[in-house]
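Structure assessment
Okay, here's what each chain looks like letter by letter:
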Amino acid sequence: MPSDAETFLPRIHSVFYAIFDVKTGPKIVYQVPEDLIATSPAGPVLNLSVTSSPKPLTPTPAEGEEGPSSRRSSSSLISIGGQRPNLKHVPSPQQRSSSSDKTLFNFDDISKYVIPPNALCGRLVICATRKCRIIGLPVSLLGRYERNYFRFNLCFVFDRSADLSCYEPIVRKVSRVLTACEEESMFLSNPQSSPAIHAILEQLYEDLNSYSETSIPIDDFNAIELKIFPFYPNPLPVRDWQVPLALINLSKRMEANWDLTMKKVCEHINGVNHVSRIAQLADCDLELTRQAISHLLYYQVIMTIDIFQYSNMYTLRKNMQWLADEPHVKDECGPYVTKPGKSIPDWPKLLHLYSRLKPGKTVFEWMESHDVDELGIDVRRFTSFGVIKGFLRRVHRYPVLIPPEPTSPSNRRRRQSFSASPAQLSSQHPSPPMNSAETLSRFRGRLPDTSPAVPVSTEAVLSSSTGEGNSTTGVQRRTSAAEKVLEQLRFKTLNRSGSNLTIRGQPSTSPERTSATYERPLGRARVNSDVRRHSMFQQSQVSGRDGGSSVYGPSIGPVSTGGSRLSRSPSSSIAPQIHTTFSQGSGQLSTVSAPPPELILLLDGEHHTDELSTRFEAGWPLLQQWLAAIGGGKGDGDFGRVSVICR
C-alpha cells in the first residue's frame, strides 16, 4: 500500500539552486538537505584552484580606483561566495565517498536540463533519473553581467512516480518572484545578498513538506507566498444508472450560499437512488443533475456504485488476499453490514459469505443457499461495503442479438425451387386451377385470397370453437340465395334477443375498416351490416396453425390460408403494444407489453442491463420477457437468438 506521505501530496526530497558559472559551467550553489545530489570532483577542484590563493584578495582595496578595483572586487566577492560551500567539503572527502550510496543522482547527468540553452529558458522543464523527477523553470536574464547574461534555476526533487501537477504553479511563482528580485536589486547575482538563498531553500523544504504552505519575506517589496492546492483528476462521465454514495455527511457541509440544484440533489443521495431517479425526485433537469454529481465526484466526497437488485451478480477481486488481513476492514465490516438490533457475525463468517459470491449466481440465490436473512445481514450494505473497499466487483450482463443464419432449410428449399424446372415444380406441388380474379390479383402484385366469397354458416362458426375449425379451410361449396337469406334472419334474431358476441383480445375496429377489408375479395360496392357482424364473429373463432386458439389474438381480415395482410389504415399502429404469451409452467396466459423498438438497436453487446433498465424504466424480470420476445425464446432463461454475456 502507498505510504501516508504519498496519499495526499508528493513529498519533496530535495531543493537546490543552480547557476551557470562563467568558468565552471552549470553548478549547484546551494542544496537542502546537504550532499543528497552528487557533483563531479572536477568542479570543486577548479573552484579551489581559483580561490585557493588569498594573495590577490588583500591588495585589491588599495590597488585600483574605478575599473580594475570594481572588477577585482566583484571577482573576489564571487570567489568568496563560491568558497563558502566548498570549505565544508574540503576537510572530509572520505565522508562524501562513504555517503555516495545515499545520493539521489549525479548532477552532471542532468546539468544540461537544469541550465539548458536559451531556447528552453522561461519554460517548465521536468526531467527524470532512475529514482527521481526534477522540476524547475530555468531563467536567462540579459544585462550588465560578465557574459551579458545570467542564468539560474531553483529546482525541486521528487520521487519518480510522483504526480507533479500541484507543484507546477509553485515552481512558476518561485521563479517569477526571484526573477523580479534580480531585476530590481540584483539579489541573486550580488555576492552580498546571494547567500540568503540557502535560508530560502531551507524554509521551502520544511514548510511545504510540513504545512503545504509558506510565507518567506525577501525584502521590503517582495515575498514568496505559497500554498499548495491538490489537483484532483477529472471524474469520469456520470451515467444515469449510477448510484451516488456519500463518503461524508453532506447535510453538515451544506451551506446557505450553495447552488440550488446542488442542495436539492444532495437531499436525495442515500446510496439507493440512481442519477435518473434523483433527477425525478429533486425535480431537476437531468443534465444539471449529472453536473452536480460530477462536481461532488471531483472533490471526492461521493463515489458511484451500481444499482442494487437481487438479480445482480458479484465476484471477488485479487486484492482480497491481502485486504482480508487488514485491521480496518475487519473492524468496519461487521457493524456496517449488520441490521440494527442483530448480533454482529464474526469476520471469518463474513469472509466466507463474500467468498461464495461468484459469476452465474444471483444475490437472491446466494441468500437462499446460505440463509443470509437469519444472520441479520443487510444484503445491500453487505455488497456495497465490498465495492467501496475495492475487493468486490459487479458482474454485468450484456445482451447480444445474434442475426439469423443465412443458410436455413427454408432458404435452401427456396433455392431448390428456383433451380427446378417448371415440369418438376408442377409434379411436386400441383396447383389448383386459377380463375380470372386470382390471375388479376397476382398480376397486380397481390397474394391470391382463398377465403370463401360468401359468409360461412352459423353451424360452421360454432363448430370451429369446439375444435373443428380446420374444417372451414377444406372444400367449400357455393351457397344458394335462400341460405343467404336464412343466415341474415338468424343474425337478426340473435341481435333482437340481446345476445352479446364479444371477442377476447380483439382490438376495437370501426365498421368502415372492416368493410374495407371485405370489399376486395367480394368485389362488391358495399356489404350488408349483418354480414359485417357475421364476419367479425367468424374472425374471433379462427383457429391457429396448431389447432388451438391464436396467441396474439385474431387478425383483422377475411379467413385465408395465405399470409396475413397488413392493414393500410393510417390510424392502425405499426406494431402491437401488448402481447399475450402462454406460460408452460403455470398453463396460463400472461399479458406482456411489447418491447420498445429502440431496444433491438441496443442489443450489440456494449450496453449492460443496468443501462437498459434505466433507459426503458423496466426491471430485470420485464427485461427478460422482452429479450425472450425479441429472440423468440421460451422464457425462463431461454432467450432464443439473444445471448447474454456476463463480464
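All values reported here derive from a predicted model rather than from experimental measurement.

Conventions adopted
Residues numbered from 1 in each chain as written. Predicted model: local features only at pLDDT ≥ 70, side-chain atom pairs only at ≥ 80, totals over all residues. Heavy atoms only, no water. Helix = DSSP H or I, 4+ residues; strand = E, 2+ residues; numbered from the N terminus. Buried < 20%, exposed > 50% of the residue type's maximum accessible area, 1.4 Å probe, protein only. Contact = heavy atoms within 4.5 Å. Axes fitted to C-alpha atoms, helices over the stretch in contact; angles between N-to-C directions. Parallel < 35°, antiparallel > 145°, perpendicular 65-115°, else oblique. Nonpolar A, V, L, I, M, F, W, Y, C, P; charged D, E, K, R; others polar. Polar contact = N/O pair within 3.5 Å; in protein donor to acceptor, adjacent residues only side chain to side chain. pLDDT = per-residue confidence, 0-100. Patch = residues over 30% accessible without salt bridge, like charges linked within 9 Å, V, L, I, M, F, W, Y side chains within 5 Å. Areas by Shrake-Rupley, 256 points an atom, 1.4 Å probe, with all protein chains shown as cover. Salt bridge = Lys/Arg side-chain N within 4 Å of Asp/Glu carboxyl O. Lys, Arg positive; Asp, Glu negative; His and termini not counted. Charge placed at Lys NZ, Arg CZ, Asp CG, Glu CD. Left-handed = near helix turned anticlockwise from the far one by under 90°. Pairing = 2+ DSSP bridges. Phe/Tyr/Trp six-rings, centres within 6.5 Å; stacked < 30°, edge-to-face > 60°.

1. Thoughts on the overall build of the protein
- Check the secondary structure of the protein and you find 26 helices and 18 strands.
- Out of the 647 residues belonging to the protein, those deemed buried represent 36%.
- Taking the contacts inside the protein whose residues are at least 6 apart along the sequence as the reference set, 66% of them involve residues at least 24 apart.

2. Some details on the packing of helix H13 (residues 327–337) against helix H14 (residues 347–355)
- Two elements in contact, H13 and H14, have axes whose closest approach is 10 Å; the angle formed by their N-to-C orientations is 80 degrees. Put simply, H13 runs roughly perpendicular to H14. The segment H13 lies against H14, with Val-329, Lys-330, Cys-333, Gly-334 and Val-337 engaging Trp-347, Leu-350 and Tyr-354.
- A class-by-class count of the residues in the contact of H13 with H14 yields six nonpolar, one polar and one charged.

3. Structural notes on the side chain of His-608
- Along the chain, His-608 falls in the loop between helix H24 (597–601) and helix H25 (609–616).
- Under the relative-accessibility criterion, His-608 is labelled buried at 8%.
- Within the structure, His-608 has its side chain in polar contact with the backbone nitrogen of Asp-610 (distance 3.3 Å).
- With residues near it in sequence (within four places) discarded, His-608 still touches Trp-241, His-396, Arg-397 and Tyr-398.

4. Looking at the confidence of the model for the protein
- Model confidence for the protein is summarised by a mean pLDDT of 73, while 61% of its residues fall at 70 or above.
- In this model residues 1–7 is a low-confidence stretch, pLDDT under 50, and it forms three contacts with partners more than four residues away in sequence or in other chains.

5. Looking at a negative patch on the surface
- Side chains of Glu-34, Asp-35, Glu-202 and Glu-206 sit close together on the surface and give a patch of like negative charge.
- Residue position: Glu-34 is located in the loop between strand S2 (25–32) and strand S3 (37–38).
- On the accessibility criterion, Glu-34 (41% relative accessible area) is partly exposed.

6. Side note on H25
- Along H25, seven of the eight residues are buried, which leaves the element largely enclosed by surrounding structure.
- Every buried residue of H25 is accounted for by Thr-609, Asp-610, Glu-611, Leu-612, Ser-613, Thr-614 and Phe-616.
- At its buried positions, H25 is contacted by helix H10 (275–282), strand S14 (392–395), strand S15 (397–401), H24 and helix H26 (620–631).
- Positive phi shows up at Glu-617, right after H25, with a value of about 55 degrees.

7. Describing the environment of Leu-602
- Along the chain, Leu-602 falls in the loop between H24 and H25.
- Under the relative-accessibility criterion, Leu-602 is labelled buried at 11%.
- Once residues within four sequence positions are removed from consideration, Leu-602 is found in contact with His-607, Leu-612, Arg-615 and Phe-616.

8. Some details on the packing of H10 against helix H11 (residues 286–298)
- Across the interface, H10 lies against H11 with an axial gap of 9 Å and an inter-helix angle of 115 degrees. The handedness of the crossing between H10 and H11 comes out as right-handed. Residues Val-275, Ser-276, Ile-278 and Ala-279 of H10 lie in contact with H11, whose contacting residues are Leu-286, Thr-289 and Arg-290.
- In terms of residue class, the contact of H10 with H11 is made up of four nonpolar, two polar and one charged.

9. Looking at the pairing of strand S8 (residues 149–159)
- Where burial is concerned, most of S8 is hidden: nine out of the eleven residues are buried.
- The sheet contact formed by strand S6 (residues 132–136) and S8 spans four bridges and is antiparallel. Note on S8: the bridge partner recorded for Cys-132 is Asp-159.
- Of the pairings in the sheet, the one linking strand S7 (residues 139–142) to S8 comprises four bridges and is antiparallel in character. Its bridge partner lying in S8, Val-139 is registered against Phe-152.

10. Looking at the packing of aromatic side chains
- Within this structure, the stated rule accounts for 17 aromatic pairs.
- Here Phe-20 and Tyr-149 contribute two aromatic rings whose centre-to-centre distance is 6.2 Å and whose plane-to-plane angle is 35 degrees, an arrangement assigned as tilted. In this pair, Phe-20 sits in strand S1 (residues 14–21) while Tyr-149 sits in strand S8, placing the two residues 129 residues apart along the sequence.
- With relative accessibility at 23%, the residue Tyr-149 sits in the partly exposed group.

11. Observations regarding the side chain of Asn-222
- Here Asn-222 is to be found in the loop between strand S9 (213–217) and strand S10 (223–227).
- In this structure the side chain of Asn-222 is engaged in a polar contact, spanning 3.0 Å, whose partner is the side chain of Glu-184.
- Excluding anything up to four places from it in sequence, Asn-222 contacts Cys-181, Glu-184 and Pro-217.

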